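# Observations on the three-dimensional arrangement
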Amino acid sequence: ATAGGRLTIGAWLDPYGCNGIGARLYGLGENTTTFFASSDQIPILARPFYDVLADEQSSDVVAFPGETVGAIWVEDSADFGGLDFFWRRLFYEDACRRVDLVAGFQFARIDENIDIMSDRTVTRTGGTLPLGTEVFSRDLFSARNSYSAGLIGLLAEYDQGAWTGSVLAKVG
């Protein structure tokens with residue numbers, strides 16, 4: 001679970017509440033997950049990859065009994081946020097309900113990162129690498145996805161004494 005929030009502000013442009021403007025800012029806090037494993041805990045460790053030369057799945061062995069000892073660290077994180085600016089216009093109203101047309105602009109972005117590191121030490125003689133050779137590998141992938149669009153939709157509100165509810169349906 002990740003904590004998040006939304007803040008909506010707005011103002012009516014006329015004394016009858018028929019035309020208004022608003023803004024909505026929302027987001028989720030950064031969510032980070034980590035993983036660590038060493039050959040002390042798990043004797044065989046490998047990093048999968050796709051071998052483009054052989055055109056097949058393969059693996060990079062980090063730890064194998066009698067060959068190498070090592071460890072793998074993985075950390076991934078994601079961060080999400082967005083905002084809307086909108087104009088709202090009264091479409092229908094009665095004593096308890098109100099429906100407004102909504103139009104405006106919306107923006108959202110998600111940033112994701114994954115960092116994979118491994119460290120291994122050769123423990124066998126006679127291989128392609130000399131005894132005691134240490135190999136450190138790191139792969140870092142980052143992606144930023146942004147979305148910007150116009151928006152149109154409906155905002156329905158229901159108010160009955162102590163009970164209030166609202167539903168927003170929009171497309172961008």
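The structure reproduced in this document is the subject of the present report. In this text the structure is predicted, and so the values were computed from the model without any measurement.

The next thing to look at is the overall build of the protein chain. A count of helices and strands for the protein chain gives zero helices and eight strands. Going from N to C terminus, the protein chain has its helices and strands arranged as β-β-β-β-β-β-β-β. Relative to the compact-globule value of 16 Å for 172 residues, the protein chain shows a C-alpha radius of gyration of 27 Å, a clear excess of over 25%. Overall, the protein chain is about 85 × 35 × 25 Å in size when its C-alpha atoms are taken along their principal axes. Sorting the 172 residues of the protein chain into buried and exposed places 23% on the buried side. Of all intrachain contacts in the protein chain linking residues separated by at least 6 positions in sequence, the fraction that spans at least 24 positions is 60%. When the accessible surface of the protein chain is split by element, carbon and sulfur atoms take 60% of a total near 11,600 Å². Computed over 13 positive and 23 negative side-chain charges, the inter-centroid distance for the protein chain is 9 Å.

One pass over the full model with this rule turns up 13 salt bridges. E157 is the partner of R88 in a salt bridge, and the nearest nitrogen-oxygen pair spans 3.4 Å. With a gap of 69 residues between them, R88 in strand β5 (residues 68–93) and E157 in strand β7 (residues 134–160) connect regions that are remote in the sequence. Residue D111 pairs with R144 through a salt bridge whose shortest N-O separation is 3.1 Å. Here D111 is found in strand β6 (residues 97–122), whereas its partner R144 is found in strand β7, with 33 residues between them in sequence.

Rules used throughout
- Residues numbered from 1 in each chain as written.
- Predicted model: local features only at pLDDT ≥ 70, side-chain atom pairs only at ≥ 80, totals over all residues.
- Heavy atoms only, no water.
- Helix = DSSP H or I, 4+ residues; strand = E, 2+ residues; numbered from the N terminus.
- Rg over C-alpha atoms; globule rule 2.2 N^0.38 Å.
- Buried < 20%, exposed > 50% of the residue type's maximum accessible area, 1.4 Å probe, protein only.
- Contact = heavy atoms within 4.5 Å.
- Areas by Shrake-Rupley, 256 points an atom, 1.4 Å probe, with all protein chains shown as cover.
- Lys, Arg positive; Asp, Glu negative; His and termini not counted.
- Charge placed at Lys NZ, Arg CZ, Asp CG, Glu CD.
- Salt bridge = Lys/Arg side-chain N within 4 Å of Asp/Glu carboxyl O.

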